[in-house]
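Each chain is listed here by its residues.
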Amino acid sequence: KQWYQRRVRGVTDQLMCARISRDQYVSTFASLQQHVQRLNGAGAGDVSVNEMKIRYTNELRLDLYRHWTLMESLKVSPYTATRFRIWTTKGKKKLNEFLADMGL
């Protein structure tokens, strides 16, 4: 029953390392949800305490956010750094404006 956890971790790692696109990730995740529902016996009407659940959430791609501040994580994350072009003066200004718009 733990196969789905390994699969979710693997697919998420592929997304974070840019090996697959966001669309491929979402379609793989939807397929995985269908398998889990099938294994749970969806539609049977019985809800079990041991029921497996998978939820998809759309989160920011911030590497090491748990260990660093939000500003450091935004600067170092490949996704946000390239979107803001953080290596330029204009990019740094955009990042500061973004944080100001968020109220941080």
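Undergrad: An account of helix α2 (residues 22-40) is requested, with residue identities and associated values reported.
TA: Each turn of an α-helix holds 3.6 residues, which means side chains three or four residues apart point in the same direction. Helix length check: α2, at 19 residues, gives a terminal C-alpha distance of 27 Å against a target of 27 Å (1.5 Å per residue), a fit within 8%. Listed in full, the buried residues belonging to α2 are Tyr 25, Phe 29, Leu 32 and Val 36. Here the buried residues of α2 occupy an arc of 65° about the axis, which is enough to place them on one side. In α2, those exposed residues whose orientation departs by more than 90 degrees from the buried face are Asp 23, Gln 34 and Arg 38. Next to the buried residues of α2 lie α1 (3-16). Gly 41 sits one or two positions beyond α2 and adopts a positive phi of about 75°.

Undergrad: Can you explain the environment of Tyr 79? Please cite residues and give values.
TA: Topologically, Tyr 79 is positioned in helix α4 (residues 78-84). Put simply, Tyr 79 and Leu 60 are 19 residues apart on the chain and 9.1 Å apart in space, counted from C-alpha to C-alpha.

Undergrad: An account of the packing of aromatic side chains is needed here, citing residue identities and associated values.
TA: Taken as a whole and assessed by the stated rule, the structure comprises 2 aromatic pairs. Look at Phe 84 and Phe 98: their rings are 5.3 Å apart centre to centre, the planes differ by 55°, and that puts the pair in the tilted class. Of the two residues, Phe 84 sits in helix α4 while Phe 98 sits in helix α5 (residues 89-102), which places them 14 residues apart along the sequence. Overall, the relative accessible area of 15% leaves Phe 84 in the buried class. Taking relative accessible area as the criterion, Phe 98 reaches 29% and is therefore assigned partly exposed.

Undergrad: Quick rundown of α5? Include the residues and the values.
TA: A rise of 1.5 Å per residue sets the reference length of α5, with its 14 residues, at 20 Å; its end C-alpha atoms lie 20 Å apart and thus fit the reference within 8%. Residues of α5 that are buried in the fold lie against α3 (70-76) and α4. Immediately beyond the C-terminal end of α5, within one or two residues, lies Gly 103, with a positive phi of roughly 85°.

Analysis parameters
Residues numbered from 1 in each chain as written. Predicted model: local features only at pLDDT ≥ 70, side-chain atom pairs only at ≥ 80, totals over all residues. Heavy atoms only, no water. Helix = DSSP H or I, 4+ residues; strand = E, 2+ residues; numbered from the N terminus. Expected span 1.5 Å × (residues − 1). Buried < 20%, exposed > 50% of the residue type's maximum accessible area, 1.4 Å probe, protein only. Arc of directions from axis to C-beta. Contact = heavy atoms within 4.5 Å. Phe/Tyr/Trp six-rings, centres within 6.5 Å; stacked < 30°, edge-to-face > 60°.

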